[in-house]
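Letter by letter, the chains look like this.
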Amino acid sequence: MKVIVVGGGKVGYYTVKTLSEKGIDVRVIERSREACDRIANELDVPVICADGTTVEALAQAGAGKADAVIAVTGSDEDNIVACQIAKRRFAVQKVISRSNNPKNVDIIKRLGADIAVSSTQIITNLIDMEVDTTGLKLLATLNRGEAGIIELVVPDDWKHNGQPLSELDLPRGCIMVAVSRDTGMEIPRGDTVLRPRDHVTAVVDKGSRRAFQRIFY
């Protein structure tokens, strides 16, 4: 797999380092001579010291044969231009852009990026999944914090005791994955009846978490 990273700052450096350690053929386009020298010396990958928003620089980096281009400069405008050139001029299959401003994520996607990632948005989503989860245990996050794998224990005084899942008003953004009890584990279906002290595992998106929580607590 061949990947081009546009931007050799802190984010670009560690992106390149991670990809390189995975054995991926990665090369960097960076304007700063100092940053170029550091990456070349410390990471031992090809570095093009040029403006990554130009056709010439992307061509020199081999964009015509790249499987992906990742734009992670500190400028959303530069990232958008690099993504547009990679997608439209070189027909790169996967184009990923860093969004320094969370408000620009949708714009960057509309203007050419297949994936736009905002560090601020990711952190906010992760925090939102963690807080205000009385009785719920977050096992893992999915899709950069947009959803989570949740585990809970059905309380002793659960008001829906004896009702099948089909009668519960489960939110649309929720999928029940497993129910564990003393007799073993089962994949829940519409006729599954939850009982106090059952361990329930579910995938719940961010918008459905509180509605899911209210069913049990």
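Keep in mind it's a predicted model, so treat the numbers as computed, not measured.

Cut-off values and rules
- Residues numbered from 1 in each chain as written.
- Predicted model: local features only at pLDDT ≥ 70, side-chain atom pairs only at ≥ 80, totals over all residues.
- Heavy atoms only, no water.
- Buried < 20%, exposed > 50% of the residue type's maximum accessible area, 1.4 Å probe, protein only.
- Helix = DSSP H or I, 4+ residues; strand = E, 2+ residues; numbered from the N terminus.
- Pairing = 2+ DSSP bridges.
- Right-handed = clockwise from strand over helix to strand, strands pointing away.
- Axes fitted to C-alpha atoms, helices over the stretch in contact; angles between N-to-C directions.
- Contact = heavy atoms within 4.5 Å.
- Arc of directions from axis to C-beta.
- Polar contact = N/O pair within 3.5 Å; in protein donor to acceptor, adjacent residues only side chain to side chain.
- Salt bridge = Lys/Arg side-chain N within 4 Å of Asp/Glu carboxyl O.
- Core = buried A, V, L, I, M, F, W, Y, C linked by side-chain atoms within 4.5 Å.

A. Examining the pairing of strand β1 (residues 2-6) more closely. Most of β1 sits out of view: four of its five residues are buried. For β1 and strand β2 (residues 25-30), the ladder comprises five bridges, and the chain directions are parallel. In the sheet register, Val3 faces β2, and the bridge partner there is Val26. One crossover worth recording links β1 to the parallel β2 by way of helix α1 (residues 10-21), and it is right-handed. Taken together, the four bridges between β1 and strand β4 (residues 68-71) define a ladder with parallel strand orientation. Residue pairing for β4: Val5 is matched across the bridge by Ile70.

B. Up close: the sheet that holds strand β9 (residues 174-181). Read across the open sheet, the five strands follow the order β7-β8-β11-β9-β10; overall the sheet is antiparallel. Two strands in the sheet have a free side with no partner beyond their single neighbour: β7 (136-142) and β10 (184-186). Along the sheet, successive strands turn relative to each other by an average axial angle of 20°, direction set aside. Alignment of β9 against strand β11 (residues 199-205), held across six bridges, turns out to be antiparallel. Across the sheet, Ile175 pairs through a bridge with Val203, a residue of β11. Sheet contacts for helix α7 (residues 209-216): β7, β8 (147-153), β9 and β11; angle to β11, the most-contacted strand, approximately 155°.

C. Here's a closer look at helix α2 (residues 33-43). Buried residues of α2: Ala35, Cys36, Ile39 and Leu43, and no others. What you see down the axis of α2 is that its buried residues fit within an arc of 100°, all on one side. When the buried face of α2 is taken as reference, the exposed residues oriented beyond 90 degrees from it are Arg33, Glu34 and Asn41. Where α2 is buried, its residues touch α1, β2 and β3 (47-49). In this structure Ser32 caps α2, since a side-chain oxygen of it lies 3.4 Å from the backbone nitrogen of Glu34. In the stretch just after α2, Asp44 is the one whose phi turns positive, near 55°.

D. Seen up close, the pattern of salt bridges. Taken as a whole, this structure holds ten salt bridges when the rule is applied. Of the charged contacts, one joins Asp25 and Arg27 as a salt bridge, the two residues approaching to 3.5 Å between their closest N and O atoms. Classification of Asp25 by relative accessible area gives partly exposed; the value is 29%. Of the charged contacts in the structure, one is a salt bridge between Lys87 and Asp114, with a shortest N-O distance of 2.8 Å. Separated by 27 residues along the polypeptide, Lys87 in helix α4 (residues 76-88) and Asp114 in the loop between α5 (105-110) and β6 (115-117) bring together distant segments of the chain.

E. Spatial organisation of the nonpolar core. Judged by nonpolar contacts, the single largest core of 23 residues is most densely connected at Ile4, Val6, Ile29, Leu58, Val69, Phe90 and Val92. Of all the elements in the fold, those that place two or more residues in this core are β1, α3 (55-60), β4, α4 and α5. Counting residues per element, this core draws most heavily on α4, which supplies five residues. Look past the residues within four positions of Val6 in its chain and what remains in contact with it is Ile29, Gly52, Leu58, Val69, Ile70, Ala71, Val72, Thr73 and Ala82. Core analysis: the second largest hydrophobic core is formed by 18 residues, Cys174, Val179, Ala202 and Phe212 among them.

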